[in-house]
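Residue-level listing of the chains:
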Amino acid sequence: MPTPCCNASDPKNFLPKRAHLLGVAGSGMRGMARALLDSGWTLTGSDQNPLGADDLVRDGLGFQQENRSKDLPPNLELLIYSDAVRPDHPQLREAAQRGIASYSYFEMIARLMREKRGLAVAGTHGKSTTTAIATHLLTEAGADPTVFCGAWPVGQTAGGRGGAGPILLAEASEYRDHFLDLPVRQAVLTGVELDHFDYFHSLAQLEASFARFVQKIPKDGLLLARADDPICQRLARSARCRVETFAMVSAPGQKTPPHWRGNDSPDWIGRPLETGTVCRRWEIVRRGTPLVEVQLPLLGEHNRLNALAAAALAWHQDVEPGTIGRALSTVPGLARRQEWIGRWRGTVELYDDYAHHPTEVRATLSALRQAFPDRRICCVFQPHQVSRTAKLLNPFARELGRADRVWIADIYRAREGQPHPDDVTAADLAEAVRGYGVVVGREHRLAQIAESLIEQLKPNDILITVGAGDIRRIYDEYFEGFSQFRAAG
């Protein structure tokens, strides 16, 4: 087993600037490596899969592939390991035998956060995007934050950055209560919905975890809570700190969101400045006073809500409204968040998205429907985890029914081991989607789905691959002529 965070009890709080990262190719750990390299650390790292570590190696990371070497570097003082690493991993055992201090990913963020002003984005949906947008706002304002985020701008390979400024911003995951490690002073709460069924067995258990997170924010801290989410509002009432609320409204001049039951308008409102299904111009309003007009390049109401939350957080770090407006107009797209991949055969638009919960599927398909109301939307969905698919089979089927043509890939079995005869399958979900009157392909293997797509896609179709597993392989490995997709926009 790894040694505990022994540096935390060191009266000098000494933290060496040399470390080995176990599981360095994972999305969070890549961000950790990027932030530490930016801050002048000397790093080595290991992983079974080297993909995603190339740019880190170019910038100084000493990489070893785990199936070739199990040994830790000599004279090592600190090991940082992915939360996905098993407790009996040989390098963790070796670190314990050698007396090397070991931190998990979130323990390390917590250790670094104690030296700065800790900001966090928590919630079931939108954490990565909100964190990334807030990072862009703070960076454009010259705040030079340190950031840990599981998503990254298109064209980059890590969501972390090291900064000299006083702010540390982290995406705070509720899975296994990881966010409870963080000494947060200000937080965004984007919404709470049951997920991670291999850890949270009831909504009450999930809400209790979020309550502990909220109640850890000190009295002089701040919670920015989504106004139109009933669980967020219950959590806000339990907070010890100052609370402000945020929500989107649907029409110019509207002051409260639909079904709002509060006596006053939310503190922060995102309000459209034009009518129509696709609103490009909207304004941010704080306590009845318009602050700035916004033109966001990201699609969808959910992304406008994410941007509103990020703007409120940035405003509380003294970012001027004018800077917020200008920065929001240049927010870069995020990898695997409605990412535009390119065009195929000249007119078929290709997108990729990380959505792995029915609410997220609804958000991304609705955004595409609003943006392309007259075009056929084709969706390839790869369910992520058997447990999640089984618990949410009918909601998944309902939301996938928003597409015109659907393919269901085999379930990506993250953390779930070998299949069991009673497991729900891709075929089960496909049949449920057909119940909503949608044509669903009979193919479930990625290679077979790719062949079907090549045969059946029509000019002007929209194709989106959706899921948190390896669904992107449809484009990268199986789709004929992928190298020709990336045409100028």
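Details of the structure are given in the entry above.
Residues numbered from 1 in each chain as written. Predicted model: local features only at pLDDT ≥ 70, side-chain atom pairs only at ≥ 80, totals over all residues. Heavy atoms only, no water.

A. Representation of the pairing of strand 8 (residues 167–171). Most of strand 8 sits inside the fold, with 5 of its 5 residues counted as buried. Here strand 8 shows a buried face lined by I167, L169 and E171 and a second buried face lined by L168 and A170. In terms of strand pairing, strand 6 (residues 117–122) meets strand 8 through 5 bridges, oriented parallel. Directly across from G118, in strand 8, lies its bridge partner L168. Both strand 7 (residues 146–148) and strand 8 contribute to a ladder of 3 bridges, which runs parallel. Residue pairing across strands places V147 opposite L169, the latter belonging to strand 8. (Buried < 20%, exposed > 50% of the residue type's maximum accessible area, 1.4 Å probe, protein only. Helix = DSSP H or I, 4+ residues; strand = E, 2+ residues; numbered from the N terminus. Pairing = 2+ DSSP bridges.)

B. Quick look at the pattern of salt bridges. On inspection of all chains with the given rule, the structure shows 32 salt bridges. Salt-bridge contacts for R18 lead to E77; the nearest nitrogen and oxygen are separated by 3.5 Å. Placement of the pair is R18 in strand 1 (residues 18–22) and E77 in the loop between strand 3 (62–65) and strand 4 (78–81), with a sequence separation of 59 residues. The exposure class assigned to R18 is partly exposed, which follows from its relative accessible area of 35%. Given a relative accessible area of 37%, E77 falls into the partly exposed group. Where D267 meets R287, a salt bridge forms, and the shortest distance between an N and an O atom there is 2.9 Å. Of this pair, D267 sits in the loop between strand 11 (242–248) and strand 12 (268–272) while R287 sits in the loop between strand 13 (281–286) and strand 14 (289–295), placing them 20 residues apart in sequence. In this structure D267 comes out as buried when scored by relative accessible area, which is 15%. Through salt bridges that share partners, R242, E244, D267, R286 and R287 make up one connected network. (Salt bridge = Lys/Arg side-chain N within 4 Å of Asp/Glu carboxyl O.)

C. Representation of the sheet that holds strand 11 in the model. Spatial ordering of the open sheet is given by 7-8-6-9-10-11-12-13-14, a layout of 9 strands whose pairing is mixed. Of all the strands in the sheet, the pair left with one neighbour each is strand 7 and strand 14. When the angles between neighbouring strand axes are averaged without regard to direction, this sheet yields 15°. Relative to strand 13, strand 12 runs antiparallel, the two sharing 5 bridges. Bridging from a neighbouring strand, I269 pairs with V285 of strand 13. (Axes fitted to C-alpha atoms, helices over the stretch in contact; angles between N-to-C directions.)

D. Representation of the packing of helix 5 (residues 127–140) against helix 8 (residues 301–315). Across the interface, helix 5 lies against helix 8 with an axial gap of 8 Å and an inter-helix angle of 45°. Relative to helix 8, helix 5 is oriented oblique. You can see that helix 5 and helix 8 cross each other, and the crossing is right-handed. Contact residues: helix 5 offers T129, T130, I133, A134, L137 and L138, while helix 8 offers N303, N306, A307, A309, A310, A311, L313 and A314. Tallied by class, the residues present in the contact of helix 5 with helix 8 amount to 10 nonpolar, 4 polar and no charged. (Parallel < 35°, antiparallel > 145°, perpendicular 65-115°, else oblique. Left-handed = near helix turned anticlockwise from the far one by under 90°. Contact = heavy atoms within 4.5 Å. Nonpolar A, V, L, I, M, F, W, Y, C, P; charged D, E, K, R; others polar.)

E. Summary view of the side chain of S102. Note on placement: S102 falls in strand 5 (residues 101–104). Residue classification places S102 among the buried positions, given a relative accessible area of 0%. Looking at S102, its side chain comes within polar contact range of the main-chain oxygen of I100, at 3.4 Å. (Polar contact = N/O pair within 3.5 Å; in protein donor to acceptor, adjacent residues only side chain to side chain.)

F. Spotlight on the sheet that holds strand 1. The 5 strands are arranged 3-2-1-4-5 in an open sheet whose pairing can be described as parallel. Both outer strands of the open sheet, strand 3 and strand 5, are each paired with one neighbouring strand and no more. Strand-to-strand twist across the sheet, computed as the mean angle between neighbouring axes with direction ignored, equals 20°. Relative to strand 4, strand 1 is paired through 3 bridges, and the arrangement is parallel. Across the sheet, L22 pairs through a bridge with Y81, a residue of strand 4. Each of strand 1, strand 2 (42–47) and strand 4 touches helix 1 (residues 27–38); the most contacted strand, strand 1, lies at about 165° to it. Sitting on the sheet, helix 4 (residues 105–113) touches strand 4 and strand 5, and the angle it makes with strand 5 is about 100°.

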